[in-house]
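# Structural features, examined
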Amino acid sequence: MRRRPALAAVAVIGALTLAGCGGSDSDSDSAASGAELSVDAAYIPQPVSDSMAAGFLTITNEGGTADELTSVTSGAGEVTVHETVDGTMKEVDRLEVPAHGQLVFKSGGNHLMFEKLKQQPKQGQSVTVELHFAHSAPVTVKLPVKAATYQPTAGHSGHSEDSGH
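These figures come from a predicted structure and were not determined experimentally. (Residues numbered from 1 in each chain as written. Predicted model: local features only at pLDDT ≥ 70, side-chain atom pairs only at ≥ 80, totals over all residues. Heavy atoms only, no water.)

### Focus: the overall build of the protein chain
This is how the line gets drawn: Secondary structure is summarised from DSSP: a helix means a run of H or I of at least four residues, a strand means a run of E of at least two, and numbering begins at the N terminus for each. Type-normalised accessible area, obtained with a 1.4 Å probe on protein chains alone, sets the label of each residue: buried when under 20%, exposed when over 50%, and partly exposed for intermediate values.
Within the protein chain, the regular secondary structure consists of two helices and 10 strands. Listing each helix as α and each strand as β along the protein chain from the N terminus yields α-α-β-β-β-β-β-β-β-β-β-β. Here the protein chain holds 165 residues, and 36% of them are scored as buried.

Here you go:
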């Protein structure tokens, strides 16, 4: 079965835009599966290394069924998922996106680790990733590259200046 990634990406981005803006028309497959996923607050601080970078975002699940982030892929390089517990970072195979909850990737906490970058991302550019889940369809997200010192607005877990609204 041949997929059309460009059309799928446009459909996912459109669905995420509606979901992220509180749209109530929900005829998507994710609603039928119980998880209703959206992503916002995505960014990469401009890396100081040529070969490594970190990525941050928030995955929100408005649905009544939990899901799990199982992997992240990107044409920019290899991406692994890291969990931080008690100040210790470790690579994990999956992280739960709780029902009616959020999976937050933030500085000092859970994060995406980009390694073997094909080129160093620069401020003003963006890096595209595809999030893969145990039950929901993959979600494509663009992470804008921000200044190395960028700090998202504290306590703001909903819409951000980067959510495209």
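From this point, things continue past the structure.
### Observations regarding the packing of aromatic side chains
Operational definition: Paired rings are identified among Phe, Tyr and Trp, the last through its six-membered ring, by centres lying within 6.5 Å, and are further divided according to the angle between planes into stacked (under 30 degrees), edge-to-face (over 60) and tilted (the rest).
Counted by the stated rule, this structure contains two aromatic pairs. Their ring planes at 40 degrees and their centres at 5.3 Å tell us that Y43 and F56 sit as a pair that is tilted. Highlighted residues: Y43 in strand β1 (residues 37-45) and F56 in strand β2 (residues 52-61), separated in sequence by 13 residues. The two residues Y43 and F56 agree in class, both being buried. Centre to centre, the rings of Y43 and Y150 are 4.8 Å apart; their planes meet at 75 degrees, and the pair counts as edge-to-face. With a gap of 107 residues between them, Y43 in strand β1 and Y150 in the segment after β10 (139-146) connect regions that are remote in the sequence.

### Section: the side chain of D67
Rules: Only four residue types enter the tally: Lys and Arg on the positive side, Asp and Glu on the negative side, with His and both chain ends excluded. Here, a salt bridge means any Lys or Arg side-chain nitrogen found within 4 Å of an Asp or Glu carboxyl oxygen. The criterion used for residue contact is that any of the two residues' heavy atoms lie within 4.5 Å.
Inspection of the secondary structure puts D67 in strand β3 (residues 67-73). Of the buried charged residues, D67 lacks a salt bridge, with R94 as the closest side chain of opposite charge at 7.1 Å. Excluding residues within four positions of it along the chain, D67 makes contact with A35, L37, N61, L95, E96, V97, F133, A134, H135 and S136.

### Some thoughts on the pattern of salt bridges
Within the structure shown, the criterion is met by two salt bridges. Two residues, R94 and E68, come together in a salt bridge whose shortest N-O distance is 2.6 Å. Note that R94 is positioned in the loop between β5 (88-92) and β6 (95-97) and E68 in strand β3, a separation of 26 residues in sequence. Among the ionic pairs, E78 bridges to K116, the shortest N-O distance being 3.5 Å.

### Observations concerning the environment of F105
Positionally, F105 belongs in strand β7 (residues 101-105). Measuring from C-alpha to C-alpha, the distance between F105 and V81 comes to 9.5 Å, with 24 residues separating the pair along the chain. Contact partners of F105, with chain neighbours within four places excluded, come to G55, F56, L57, I59, L69, V81, L95, N110, H111 and L112.

### Notes on the confidence of the model for the protein chain
Heads up, the rule is: pLDDT measures how confident the predictor is about each residue, on a scale from 0 to 100.
When the pLDDT values of the protein chain are averaged, the result is 80; 73% of them are 70 or greater. Summarising per-element confidence for the protein chain, the mean pLDDT is lowest in helix α1 (residues 5-20) (36) and highest in β3 (98). The low-confidence segment residues 1-32 (pLDDT under 50) makes 22 contacts with residues lying over four places distant or belonging to another chain. Under a pLDDT of 50 for its full length, residues 155-165 has, in the predicted model, 20 contacts with residues more than four places off or in other chains.

### Some remarks on the nonpolar core
What counts here: Buried Ala, Val, Leu, Ile, Met, Phe, Trp, Tyr and Cys residues form a nonpolar core when they are joined through side-chain atoms within 4.5 Å.
In terms of nonpolar packing, the biggest core is built from 28 residues, with L57, I59, L69, F105, F114 and L131 touching the most fellow members. Once residues lying within four places of it in the same chain are set aside, the contact partners of I59 are L37, S38, V39, L69, V97, G101, Q102, L103, F105, L131 and F133.

### Re the environment of V79
Looking at the secondary structure, you find V79 in strand β4 (residues 78-85). Here the alpha-carbon distance between V79 and L117, two residues 38 residues apart in the chain, equals 9.3 Å. With residues near it in sequence (within four places) discarded, V79 still touches V72, T73, S74, L112, M113 and F114.

### Some words on the environment of T149
Here T149 is to be found in the segment after β10. In this structure T149 comes out as exposed when scored by relative accessible area, which is 67%.

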